[in-house]
Each structure stands twice: as C-alpha cells, then as structure tokens.
Number of protein chains: 2
Amino acid sequence: MLRLSRMTDYAVVALSALGGAEAVRTAPELAAETGLAEPTVAKVLKLLGQAGLVDGLRGARGGYRLARPLSAVTLAEVIVAIEGPIALTACVDGASGGCDTEATCPIRGRWDPVNDAIRNALSAVTIADLAPTSCAAAHRAALALA
Amino acid sequence: MLRLSRMTDYAVVALSALGGAEAVRTAPELAAETGLAEPTVAKVLKLLGQAGLVDGLRGARGGYRLARPLSAVTLAEVIVAIEGPIALTACVDGASGGCDTEATCPIRGRWDPVNDAIRNALSAVTIADLAPTSCAAAHRAALALA
DNA sequence: ACAATCCGGACAAACCCGGTCCGGATTGCA
DNA sequence: TGCAATCCGGACCGGGTTTGTCCGGATTGT
C-alpha cells in the first residue's frame, strides 16, 4: 500500500490549521481545532519545528507560527521532516546490514531512478494544494456535530 | 521513509530469477537460487500468481513460469500484487472508518493527484529495468562466499 | 518571581508485518 | 489405478515498528 505514516497526515492537518490565520497558535489551541490529541499535536509540531517548517516561540504568550506560507511548503518536505529521507527500500545510501545475503545484489542502486521519480512527484505538491479551503473550519464543524 | 514492504523486494528478486531462464521452476528451486527461505518464496509466488504475473502449474513436474516477459511487467503491478492498491493514505476509495472525526475533512480526495503521480512513476519502471543482469547468478555467488 | 509555553527524551501499548506451518486439491508418472 | 510431487488457501505466532503519552528542564513574557 506504500503506506505513509499517520503522523505525516497529522502534520498536514496541523499545518493547514496553522495556515488559516497568520497569528501565533499554541499547541492546545491547534489540538482543539484539529480534533487531535494534544500531546500528539505537540509531537508533530516539534518535528516540524526541527525541520524548520514552523517557528516555535518559547515562553509565555508563545506558540507556533508558519516559517513560510503553505504554498511554499512541499509535501516532500513534510514527509522528510516526519519520516526521514524518502526512499522505497532500505538498500539505500549505504545502509549496510539491511541486506544479509545480498551484499552484491545487482538490484542495489537500481532503485535510484524510482526514488527520484517519487521525490519529484512529492515535491510538485504543496500543502496549500492539499488544503485550499479552511480545513480548520471544517474540522470544527465536524466536531460540533458529534 | 515511505516504506515499501520487504515482500515486494522479494517479489522482484524472485521474478528476476524466473526471468533468467524460460523454463518452469519449482518454488524450492527458486528459493535456493535467491537465497530466501522456501516458504517465503512460495508465499510471494502465490501472490504473484493471483495477480496473473506468473503462471502456477500444478501437479508433478509443475512449477512457476512467467506469464509475460519481465520487460512487460511494471513495478506498479508488482506492488499492487503484493501490497494492494497504491495509495499514500488510508482516506482513499471510500475506506470509511479510517478517519474518525474527519468525516468531512476537506483534504479527503485531494491526495488523488499525488497518488496518480506516484502510480505513474512506478508504472514507468519495469522489472527488467531493475534487474538487467542475471540477479540469480549474483545471488548464487554471494551464497558461495558464505 | 511567577506562570505559561516550548523542548527533548524516555516509556508502554497497540498494531502490522514477516515468516512458518498445515491440510487439501490437482496433476503427471509408474 | 495408486502414488508422489507440486501448487493452493488459510491460520498461526513472534518480533518489530509505529503510535500515543508522559515527565522534567529550559526559556520567556508579565
């Protein structure tokens, strides 16, 4: 299924919520807006902060703020921030030990074009493309129904 | 990391071994050539057979045979055969229940262009591209060293 | 000085995947 | 006709990864 981590999905949702307004939002605020658990949101924002996609402002009246507009953040960047380097197999970038008997496997290295193609596809999509309308508002509405 | 199942890697290796000669090979034979465990190879070949990528011949003197030349088998087909439909998120093709509070999530459906791009990238690569030389021979050599 | 907030890591639980095994069905050969 | 070889389908369990949570420490505005 080429599974994408669920954390990455959360990251996109959190970024969309952050993109709704240009103000500083705290982690509990964003958790309430997205309907996700607060520690989980904090964890995702932490990762995004390390990657430089959001700015974390410490201290009282602190919170998180977008480092760039959503239209300048690609999906590839988010995936890298949450899941690490984009690669389909473990036999990449000198990960020795992953293949036991396949030390001389001729397939090794042949995946590179595929990986590049995937990276290009993911770099062509921005978070703004994924959440053109106000995602946060829709989530609030969904929560109101429950 | 966009992890691809290890079974899919095995499938590529098994297909490459099958592509070496146009004869019928039994599962134990292929297991010995690829250096993989026999039940695992059998499982992979079973999946590939269900997908129509290989023909399984029953009875004595039976075995497996390529249904098509490797140059006509795309990586996307192998992935679909082993892992199921190619999609980055679970919020696809009416998988209700995956998203609990996000029944009306506006992001839903927006992943389709991304998924299509991934599919196209994976459909552009054939197994013959991944294993141009005799992979089986290299595996035998690696086993001889051990 | 205090309160609010982010930061970093450690931790248990749940889920999924990898790998194995078994019995049944089917076919070729003696 | 009987036997052996082989694929087929499913169930099963252990290990590992991911998920989600929590806690103490650092930092900053009031």
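Above: the structure in question.
Procedures and definitions
Residues numbered from 1 in each chain as written. Chains lettered and ligands numbered in written order. Predicted model: local features only at pLDDT ≥ 70, side-chain atom pairs only at ≥ 80, totals over all residues. Heavy atoms only, no water. Helix = DSSP H or I, 4+ residues; strand = E, 2+ residues; numbered from the N terminus. Buried < 20%, exposed > 50% of the residue type's maximum accessible area, 1.4 Å probe, protein only. Contact = heavy atoms within 4.5 Å. Near = heavy atom within 4 Å. Polar contact = N/O pair within 3.5 Å; in protein donor to acceptor, adjacent residues only side chain to side chain. Patch = residues over 30% accessible without salt bridge, like charges linked within 9 Å, V, L, I, M, F, W, Y side chains within 5 Å. Areas by Shrake-Rupley, 256 points an atom, 1.4 Å probe, with all protein chains shown as cover. Salt bridge = Lys/Arg side-chain N within 4 Å of Asp/Glu carboxyl O. Lys, Arg positive; Asp, Glu negative; His and termini not counted. Charge placed at Lys NZ, Arg CZ, Asp CG, Glu CD. Nonpolar A, V, L, I, M, F, W, Y, C, P; charged D, E, K, R; others polar. Pairing = 2+ DSSP bridges. Axes fitted to C-alpha atoms, helices over the stretch in contact; angles between N-to-C directions. Parallel < 35°, antiparallel > 145°, perpendicular 65-115°, else oblique. Expected span 1.5 Å × (residues − 1). Arc of directions from axis to C-beta.

## Here we look at the overall build of chain A
Thought 1: Assigned secondary structure in chain A consists of seven helices and two strands.
Thought 2: Mapped in sequence order, the helices and strands of chain A form the string α-α-α-β-β-α-α-α-α.
Thought 3: Out of the 146 residues in chain A, the part that is buried amounts to 46%.
Thought 4: Long-range contacts, defined here as pairs at least 24 residues apart, represent 65% of the contacts in chain A between residues at least 6 apart.

## Examining the protein's contact with DNA strand D
Thought 1: Of all residues adjacent to DNA strand D, which total 23 residues, the nearest are Arg6(A), Lys43(A), Arg58(A), Arg58(B) and Tyr64(B).
Thought 2: Among atoms of DNA strand D positioned within 4 Å of the protein, sugar and phosphate together represent 73%.
Thought 3: Taking Arg6(A), its main chain carries an N or O atom lying 2.7 Å from a phosphate oxygen of DNA strand D.
Thought 4: Here a base oxygen of DNA strand D sits 3.2 Å away from a polar atom, N or O, in the main chain of Ala60(A).

## Some words on a positive patch on the surface
Thought 1: Taken together, Arg3(A), Arg6(A), Arg3(B) and Arg6(B) make up a surface patch of like positive charges.
Thought 2: Structurally, Arg6(B) is set in helix H1 (residues 6-20).
Thought 3: With relative accessibility at 61%, the residue Arg6(B) sits in the exposed group.

## Some details on the protein's contact with DNA strand C
Thought 1: Around DNA strand C sit 24 residues in total, of which Arg58(A), Tyr64(A), Arg6(B), Lys43(B) and Arg58(B) are the nearest.
Thought 2: Those atoms of DNA strand C that come within 4 Å of the protein belong to sugar or phosphate at a rate of 72%.
Thought 3: At a separation of 3.3 Å, a phosphate oxygen of DNA strand C approaches a polar side-chain atom of Thr40(B).
Thought 4: Breaking the surface near DNA strand C down by element, the ones donating at least two residues are helix H3 (38-50), strand S1 (54-57) and strand S2 (63-66) of chain A together with H1 and helix H3 (38-50) of chain B.
Thought 5: Here the residues of the surface near DNA strand C are counted per class, giving eight nonpolar, nine polar and seven charged.

## What to know about the pattern of salt bridges
All names here are of chain A.
Thought 1: Taken as a whole and assessed by the stated rule, the structure comprises eight salt bridges over all chains.
Thought 2: Between Glu77 and Arg68 there is a salt bridge, with its nearest N and O atoms 3.0 Å apart.
Thought 3: What makes Glu77 partly exposed here is its relative accessible area of 27%.
Thought 4: Overall, the relative accessible area of 29% leaves Arg68 in the partly exposed class.

## Side note on the pairing of strand S2 (residues 63-66) of chain B
All names here are of chain B.
Thought 1: Where strand S1 (residues 54-57) lies against S2, four bridges are found, and the strand directions are antiparallel. The partner of Gly56 across the bridge, within S2, is Tyr64.
Thought 2: Hairpin connection, S1 to S2: the antiparallel pair is bridged by five residues, and Gly59 has positive phi, about 80°.

## So, the packing of helix H1 (residues 6-20) of chain A against helix H2 (residues 27-34) of chain A
Residues and elements named next belong to chain A.
Thought 1: In contact at an axis separation of 10 Å, H1 and H2 are set at 105° when each is read in the N-to-C sense. Between H1 and H2, the crossing angle belongs to the class labelled roughly perpendicular. Here H1 contributes Val13, Ala14, Ala17 and Leu18 to the contact with H2, which in turn contributes Leu30, Glu33 and Thr34.
Thought 2: Considering only residue class, the contact of H1 with H2 consists of five nonpolar, one polar and one charged.

## Notes on H3(B)
All names here are of chain B.
Thought 1: Its 13 residues place the ends of H3 18 Å apart at the C-alpha level, agreeing with the 18 Å of an ideal helix rising 1.5 Å per residue.
Thought 2: Of the residues making up H3, those classed as buried are Val41, Val44, Leu45 and Leu48. For H3, the angular spread of the buried residues around the axis is 100°, confining them to a single face. Seen from the open side of H3, the exposed residues pointing more than 90 degrees away from its buried face are Pro39 and Gln50.
Thought 3: Contact partners of the buried residues in H3: H1, helix H2 (27-34), S1, S2 and helix H4 (75-83).
Thought 4: Gly52 lies just past H3 and shows a positive phi near 80°.

## A short note on the environment of Lys43(A)
Thought 1: Examined against the element boundaries, Lys43(A) turns out to sit in helix H3.
Thought 2: Judged by its relative accessible area of 45%, Lys43(A) is partly exposed.

## Regarding the environment of Thr34(A)
Residue and element names in this part refer to chain A.
Thought 1: Summarising the element assignment, Thr34 is placed in helix H2.
Thought 2: Each C-alpha atom of the pair Thr34 and Ala14 lies 6.8 Å from the other, and the pair is 20 residues apart in sequence.
Thought 3: Side-chain polar atoms of Thr34 contact the backbone oxygen of Leu30, separated by 2.8 Å.

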